[in-house]
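Single-letter residue listing:
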Amino acid sequence: MLKKNREVEPQFVPSILNNQMLNYKVYYMSFTEKVFYFLLTFIAGGIVGLIFYGGLFKTEGKATTVTMISNIVVFCLVGLIGTKFFIPAIRKGLKNKRDKVLRKQFMNLLEDLSVSLAAGNTLNDSFINAKSDMQNQYSEKDMIIQELIEINSGLDNGHTLEEMITAFGNRAGNEDIENFANVVSNCYRMGGNFKDVIRKTRDIISDKIAIEEEIETKLASNKLQHKAMCLMPIALVGMLKISSSSFAANLSSFMGVIITTIAIVIFVISYFWGQKIISIK
């Protein structure tokens, strides 16, 4: 029985107003990013492949035509394997970076809403005023401006703020924004002091960001050590291979290839394991 293809999240989803809005739960690379990161990982993987597997099939220490062909095959094969393993990790990193930018922009929105509510405006009016206030900090292309345009358009077309905020929270894929949407929805249904709710939400998110930044600072040296430890075996083998012909010959032997392959598998597992250890949520 054939397995059903897993449904892929779309990059854009239709909003309440039937506009195509960004789906923050997934990250799709642009064409430029795809080309850049493919070439980066392909070339890096190919160089690593040549360091460990280059120079096979030499005769009396001299490169043959087969050696040149094997070097090309190794470069392409390991380069493609490198793209397969590391492009998903890069995509995840880009998504996390975008999520942090969105949360920072959302935090600034909450600060603006808090000031507006303290001045006596309603929550609806505060969102309307927030658009012009936030445009002093961000451009039309920034995510929070796009969301404010959508929210205000919804209000102009007869939709409630609860509907628009909930739709934004569902697309955001961010716990803080989703919780804010739920709080606003509950306040509308059961009644609540929006001024206190916005202020407390802002304080909680601010404290959360401060704690995360403190953790990031403390882990910075560990992350640097992890990267250095990952690069050291490659650099060491490359230096030994260049400086010692006997080491290069042993590495290119049948037994050397087997041991090298086992070492690389351990190396890759260690890299991803190390990434999990230093990744604290």
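Conventions adopted
- Residues numbered from 1 in each chain as written.
- Predicted model: local features only at pLDDT ≥ 70, side-chain atom pairs only at ≥ 80, totals over all residues.
- Heavy atoms only, no water.
- Helix = DSSP H or I, 4+ residues; strand = E, 2+ residues; numbered from the N terminus.
- Rg over C-alpha atoms; globule rule 2.2 N^0.38 Å.
- Expected span 1.5 Å × (residues − 1).
- Buried < 20%, exposed > 50% of the residue type's maximum accessible area, 1.4 Å probe, protein only.
- Contact = heavy atoms within 4.5 Å.
- Core = buried A, V, L, I, M, F, W, Y, C linked by side-chain atoms within 4.5 Å.
- Phe/Tyr/Trp six-rings, centres within 6.5 Å; stacked < 30°, edge-to-face > 60°.
- Salt bridge = Lys/Arg side-chain N within 4 Å of Asp/Glu carboxyl O.
- pLDDT = per-residue confidence, 0-100.

1. Notes on the overall build of the protein chain
Then comes step 1: Within the protein chain one finds nine helices and two strands.
Then comes step 2: Mapped in sequence order, the helices and strands of the protein chain form the string β-β-α-α-α-α-α-α-α-α-α.
Then comes step 3: Radius of gyration (C-alpha) of the protein chain: 26 Å, far over the 19 Å computed for a compact globule of 281 residues.
Then comes step 4: With the C-alpha coordinates of the protein chain rotated into their principal frame, the extents come out at 85 × 45 × 45 Å.

2. What to know about helix α9 (residues 254-278)
Then comes step 1: Taking 1.5 Å as the rise per residue, α9 with 25 residues should run 36 Å; its terminal C-alpha atoms sit 36 Å apart, in good agreement.
Then comes step 2: Taken residue by residue, α9 has Gly256, Thr260, Gly274 and Ile278 as its buried positions.
Then comes step 3: For α9, the secondary structure elements touched by its buried residues are α1 (31-53), α7 (194-243) and α8 (245-251).

3. Some thoughts on the nonpolar core
Then comes step 1: Judged by nonpolar contacts, the single largest core of 34 residues is most densely connected at Phe106, Leu109, Leu123, Phe127 and Phe180.
Then comes step 2: For this core, the elements supplying multiple residues, two or more each, are α2 (65-118), α3 (123-134), α4 (143-156), α5 (161-172), α6 (175-190) and α7.
Then comes step 3: At seven residues, the largest contribution of residues to this core is made by α2.
Then comes step 4: When residues no more than four places from it in sequence are discounted, the contact partners of Leu109 are Phe127, Ala130, Met134, Ile144 and Leu148.

4. A closer look at the packing of aromatic side chains
Then comes step 1: Tallying each qualifying case throughout the model produces ten aromatic pairs.
Then comes step 2: Ring centres 5.6 Å apart and planes at 85 degrees place the aromatic pair Phe42 and Phe75 in the edge-to-face group. Of this pair, Phe42 sits in helix α1 while Phe75 is found in helix α2, placing the two residues 33 residues apart along the sequence.
Then comes step 3: Given the relative accessible area of 22%, Phe75 is considered partly exposed.
Then comes step 4: Relative to Phe180, the ring of Phe106 lies with its centre 5.3 Å away and its plane at 75 degrees, an arrangement referred to as edge-to-face. Of this pair, Phe106 sits in helix α2 while Phe180 sits in helix α6, and the two are 74 residues apart along the sequence. Just as Phe106 is buried, Phe180 falls in that class too.
Then comes step 5: Taken together, Tyr24, Phe106, Phe168 and Phe180 form an aromatic cluster joined through their ring pairs.

5. Section: the pattern of salt bridges
Then comes step 1: By the definition in use, this model includes eleven salt bridges.
Then comes step 2: Close ionic contact of Arg103 with Glu212 constitutes a salt bridge, the shortest N to O distance being 2.4 Å. Of this pair, Arg103 sits in helix α2 while Glu212 sits in helix α7, and the two are 109 residues apart along the sequence.
Then comes step 3: Its relative accessible area of 31% is what places Glu212 among the partly exposed residues.
Then comes step 4: Ionic pairing is found between Asp203 and Arg202, a salt bridge with its closest N-O pair at 3.3 Å.
Then comes step 5: Assessed through its relative accessible area of 30%, Asp203 is described here as partly exposed.

6. Side note on the confidence of the model for the protein chain
Then comes step 1: Counting all residues, the mean pLDDT for the protein chain is 86, and 96% of those residues have values of 70 or more.
Then comes step 2: At the low end of the mean pLDDT range in the protein chain sits α6, at 81; at the high end sits α1, at 94.

7. Structural notes on the side chain of His226
Then comes step 1: Here His226 is to be found in helix α7.
Then comes step 2: Overall, His226 belongs to the buried group, its relative accessible area being 10%.

8. Side note on unusual backbone geometry
Then comes step 1: Even without a glycine there, the phi angle at Asn18 is positive, about 65 degrees.
Then comes step 2: Within the secondary structure, Asn18 sits in the loop between β1 (12-14) and β2 (20-22).

9. Structural notes on the side chain of Ser70
Then comes step 1: Looking at the secondary structure, you find Ser70 in helix α2.
Then comes step 2: Residue classification places Ser70 among the buried residues on the basis of a relative accessible area of 9%.
Then comes step 3: Setting aside anything within four residues of it in sequence, one finds Ser70 in contact with Leu56 and Phe57.

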